[in-house]
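Structural overview
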Amino acid sequence: MPTLTMHRLNGLPEAQFRDILSGIFERSPWVADAVEPHRPFADLQALHRAMVAAVATAPRAAQLALLRAHPDLAGKEAQDGTLTASSTGEQKSAGLDRLTREQMQTIARNNQAYKTRFGFPFIIRVRNHTRDGIFAAFQRRLDNEADAEFETALREVYEIARLRLETLLA
Ligand code: GUN
């Protein structure tokens, strides 16, 4: 496939533009739909800013649904092979597909505790962390206040989206 540039992206038919960006925010194509009318974008940063603004100004229920659209780290979907391609790559990059039995048990316990406490899965830009760093952040963030953690999770989602855009656009 020819390299995708911002120039090409700006010039694509509407449906194709939406389709290509549909997974930048996990299983949430509405973010791409929201920014499509705002083309053209000067560069990746401008596109990212617009997508972040669409999420940041969305109703809280839509933000929560976006957080909930994320799979557990090293969870059932990872084991069943039903993750999105982006998520598979991200989880692999931090070695989350190669956990010991004990690490699997720890992360499963943490995933459950986190979801019970906050109502959405633990999300972290795994590409910027080592496996140990992820486990440490997990433990730390379990103690956060609910509102602060909601904001932290959204910020992580914004950074994951930036990394996905960088992967997509040369
Ligand atoms: N951080 C980066 N990718 C993912 C993902 O697929 N799921 C969760 N929970 N966090 C992530």
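Below is a summary of the structure that appears in this document. Every residue gets a number counted from 1 within its own chain, in the order that chain's sequence is written. The predicted nature of this model means local features are confined to residues of pLDDT at least 70 and side-chain atom pairs, given and counted, to a pLDDT of 80 or more, with totals for whole chains, interfaces and linings taken over all residues. The side-chain values count all of the structure's non-hydrogen atoms but skip hydrogen atoms and water molecules.

As for unusual backbone geometry
Look at the link from R39 to P40: it is a cis peptide, with omega at 0 degrees. Note that P40 resides in the loop between α3 (30-35) and α4 (44-56). A positive phi angle, near 45 degrees, is found at R27, a position not held by glycine. A run of DSSP states H or I qualifies as a helix once it reaches four residues; a run of E qualifies as a strand once it reaches two. Both are numbered from the N-terminal end. Residue placement: R27 occurs in the loop between α2 (14-20) and α3. Summary of the burial criterion: residues with accessible area below 20% of their type's maximum are buried, those above 50% are exposed, and those between are partly exposed, where the area comes from a 1.4 Å probe applied to protein chains only. A residue is classified by how much of its surface remains accessible, and R27, at 37% relative accessible area, is partly exposed. The backbone phi angle of A74 is positive, close to 50 degrees, even though this residue is not glycine. Along the chain, the position of A74 falls in the loop between α5 (60-68) and α6 (76-80).

Read these as layout, nothing more, since geometry by itself doesn't imply function.
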